Amino acid sequence: MMRLLDVEDLDAITLGATLLGNGGGGDPYQAKLMAHQAIEDFGAVELVSLDELPDDALIVSIAVLGAPTVLIEKIPSGQLYVDAVKSLASYLGKEIAAIIPVEVGGMNTLVPLMVAAELGLPCLDADGMRRAFPQIEMTVFTLAGISASPVALADEHGNTVIVVANSNATAEKLIRSSSMNLGLANSFASYPMTIAEAKGAAIRGSLTYCENIGRMLQQIQHGTKSWDDMYEMTGGRTLFEGKIVDLDRRTTSGFARGTVVIEKFTDQSTTMRIEIQNEMLLAIENGKTVLTPPDLICMVDHETAEPITTEQLAYGQRVRVIGMPCAPEWHRDGMLEVAGPQAFGYDVDYVEFNGGTA
């Protein structure tokens, strides 16, 4: 059922988005401020289900594109997100009926709310990942045969690039190279589709799921809920608890890449290495791969339960590493080709997530 999202809902959504960002997806706090201002200026956002709009209604996704490390230093303005949506609508020659998040994780959970408020459009309680991934083709939309094209890419100087590609993977390469020329802090509108198409492709209830995770985290932080409560809700578990003893981080080819090594609290000879491409993608314990995409690797401060992004990682931090299963909609033909470990260039097999105890 339709509900109104107002500023008081943003804290929980932001907290959930930070966890589901798997360390990437940009800084949700920045996007929360932008969404807060947009809601104050234009009013609360209608959050609607796919069943509340006509099947022929046209929807598009809106998101930020760039390296998270760049986005911290070069915050995109709200106008460029609106510009991307308007440019795509103009190219299509059609009116947009609603905004759908491409991912529920990181900045791209809050950005659609901001744009929906500014344009006076509803936002769908659905998305294409229910987590964050670094490349635009890595969605359940792709698995369902939905084209990301045409894609409208915009920068803060009013430049707009329209990309039409014969595959979503090619669209990713083209807009990534364009983004590198436009400063790696851009917005893009993509995946134009009808509600009927979205019903067969999207992950339903994503924003509500994100908000519920955020509220659970708030209760854990205040001592009224436990991690067991979180794991009962998500099917996740604690993978590792320890201290960061090594960290390598760099920005290259349009991505923030790196490796973080964590030493176990109770056994210094046991370590976990996590490989990063914007998001935390591989968890390797003492040389054995224990978690791979599309399942989720999340990290929180061990004492405060505050989710940690890859830009915040620091030597000596005491952390809890959490594993969670991906949304069931990922388990379709083509999942590993689109979002398995080898899609990121890792020569390892997919390790199916094992919930409950290790």
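Residues numbered from 1 in each chain as written. Predicted model: local features only at pLDDT ≥ 70, side-chain atom pairs only at ≥ 80, totals over all residues. Heavy atoms only, no water.

### Details of helix α10 (residues 227–234)
Along α10, the residues that are buried comprise Trp227, Met230, Tyr231 and Thr234. The buried residues of α10 occupy one face: seen down the axis, they fall within an arc of 95 degrees. In α10, the exposed residues that point more than 90 degrees away from the buried face are Asp228 and Glu232. (Buried < 20%, exposed > 50% of the residue type's maximum accessible area, 1.4 Å probe, protein only. Helix = DSSP H or I, 4+ residues; strand = E, 2+ residues; numbered from the N terminus. Arc of directions from axis to C-beta.)

### What to know about the environment of Ile100
Its place among the elements puts Ile100 in strand β4 (residues 98–100). Look at Ile100 and you get buried, because its relative accessible area is 0%. When the C-alpha positions of Ile100 and Ile59 are compared, they lie 6.6 Å apart, and in sequence the two are 41 residues distant. Excluding residues that lie within four positions of it along the chain, Ile100 makes contacts with Ile59, Val60, Ser61, Ile62, Leu124, Ala126, Asp127, Phe141 and Ala202. (Contact = heavy atoms within 4.5 Å.)

### What to know about the packing of aromatic side chains
Scanning the entire structure with this criterion turns up four aromatic pairs. Seen from their ring centres, Trp227 and Tyr231 are 6.0 Å apart, and the 25 degrees between their planes marks the pair as stacked. Taken as a pair, Trp227 and Tyr231 lie in helix α10 at a separation of four residues, close to a single helical turn. The two residues Trp227 and Tyr231 agree in class, both being buried. (Phe/Tyr/Trp six-rings, centres within 6.5 Å; stacked < 30°, edge-to-face > 60°.)

### Some details on the pattern of salt bridges
Within the structure shown, the criterion is met by 13 salt bridges. Of the charged contacts, one joins Glu172 and Arg176 as a salt bridge, the two residues approaching to 2.8 Å between their closest N and O atoms. One end of the pair, Glu172, and the other, Arg176, are both in helix α7 (residues 168–181), four residues apart, so they sit about a helical turn from each other. By relative accessible area, Arg176 is classed as buried at 5%. Residue Arg318 is joined to Glu303 by a salt bridge in which the shortest nitrogen-to-oxygen separation is 3.3 Å. Placement of Arg318 in strand β17 (residues 318–324) and of Glu303 in the loop between β16 (296–301) and β17 is noted, with a sequence separation of 15 residues between them. The class for Arg318 is partly exposed, based on a relative accessible area of 38%. One network of salt bridges, in which partners are shared, links Arg3, Asp9, Glu211 and Arg215. (Salt bridge = Lys/Arg side-chain N within 4 Å of Asp/Glu carboxyl O.)

### Topic: the environment of Lys199
Of note, Lys199 is situated in helix α8 (residues 195–199). Given a relative accessible area of 31%, Lys199 falls into the partly exposed group. The spacing of Lys199 and Asp248 is 49 residues in sequence and 41 Å in space, taken between C-alpha atoms. Once residues lying within four places of it in the same chain are set aside, the contact partners of Lys199 are Leu50, Asp51, Asp55 and Arg204. A polar atom in the side chain of Lys199 sits 2.8 Å from the side chain of Asp55. (Polar contact = N/O pair within 3.5 Å; in protein donor to acceptor, adjacent residues only side chain to side chain.)

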